[in-house]
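Observations on the model geometry
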Amino acid sequence: MSIDVLIPTKNRPEKLAMTLACLAHQDTSRAVEVIMRDEGTVGAFESREVRQAWDMLSDRWNTVYIRDTESIGLVRSRECLLKRSMGRSVLWLDDDILLPASALEKLAHELESRRAGFVIPVILDADNARGHDDYSRKPLPEAAHRALGPSRHYVPCEVEYVD
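Residues numbered from 1 in each chain as written. Predicted model: local features only at pLDDT ≥ 70, side-chain atom pairs only at ≥ 80, totals over all residues. Heavy atoms only, no water.

So, the nonpolar core
Basically, it comes down to this: To qualify as a nonpolar core, a set must consist of buried Ala, Val, Leu, Ile, Met, Phe, Trp, Tyr and Cys residues joined through side-chain atoms within 4.5 Å. Each residue gets one of three labels from its accessible area relative to the maximum for its type: buried under 20%, exposed over 50%, partly exposed in between, using a 1.4 Å probe on protein chains only. Starting at the N terminus, helices and strands are each numbered in turn, a helix being any DSSP run of H or I of at least four residues and a strand any DSSP run of E of at least two. Between two residues, a contact is recorded if the distance between any of their heavy atoms is within 4.5 Å.
Membership of the largest hydrophobic core comes to 26 residues, with the highest contact counts inside it found for V5, I7, L20, L23, V34, L57 and L104. Counting only elements with at least two residues in this core, the list comes to β1 (3-9), α1 (13-24), β2 (32-38), α2 (48-60) and α4 (103-114). Filtering out sequence-adjacent residues up to four positions away, V5 remains in contact with L23, V32, E33, V34, I35, L91, L93 and L104.

Structural data, given as structure tokens:
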């Protein structure tokens, strides 16, 4: 199963560099394409750290950088990324998320083993993640359950926001 990682970004090079570096260190042998749409006032690659992290990704996987100075907002930016995506599976990745090294494999495993249309990861802050070792599937929270239907499940995984 191939995975497309879609990253919208705007004016957060320090956080983006850490997000990209975590992504580059994923424990997976799967085919991955990383597509990033940058609508910042200054291009993300003006940052040396972002460029280095992007180069690590490019050495490992196919990467696509879309630079657009028109600010269309997060929702439309994600729509543009999705239209560009050709992968069977998609991971939306905000530019302030630090993924654990196993995140892509867990996503792919859940999609394959459950024949799911999508998987919703739980985002835990560092305090709540300590001692969290239950990675079995859980029922969705009630609001999401009503919106998505009874057969949807999520996979807890430790994800941290960059401060």
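Here the narrative resumes.
Some details on the sheet that holds β2
Inclusion rule: A strand pair is defined by DSSP finding two or more bridges across the two strands. Orientation is described by lines fitted to C-alpha atoms, with helices fitted over the stretch in contact, and by angles between N-to-C directions that extend from 0 to 180 degrees.
Taken in spatial order, the 4 strands of this open sheet run β3-β2-β1-β4, and their pairing is parallel. The sheet is open, and its two edges are formed by β3 (62-67) and β4 (89-92), each paired on a single side. Taking the axes of each pair of neighbouring strands and ignoring which way they run, one obtains an average angle of 20 degrees across the sheet. Bridge count for β1 against β4 is 4 bridges, and the pairing is parallel. Looking at β4, one finds that L6 is bridged to W92. Packing of α2 onto the sheet brings it into contact with β2 and β3, and relative to β3 it is tilted by some 140 degrees.

Brief notes about the pattern of salt bridges
The test is simple: A side-chain nitrogen of Lys or Arg and a carboxyl oxygen of Asp or Glu constitute a salt bridge if their distance falls within 4 Å.
Per the stated rule, a full pass over the model turns up 13 salt bridges. A salt bridge links E110 to R114, with the shortest nitrogen-to-oxygen separation between them at 2.6 Å. Of this pair, E110 and R114 both sit in helix α4, 4 residues apart, which is roughly one turn of that helix. Residue classification places R114 among the partly exposed positions, given a relative accessible area of 35%. One salt-bridge network, in which partners are shared between bridges, spans R12, D95 and D96.

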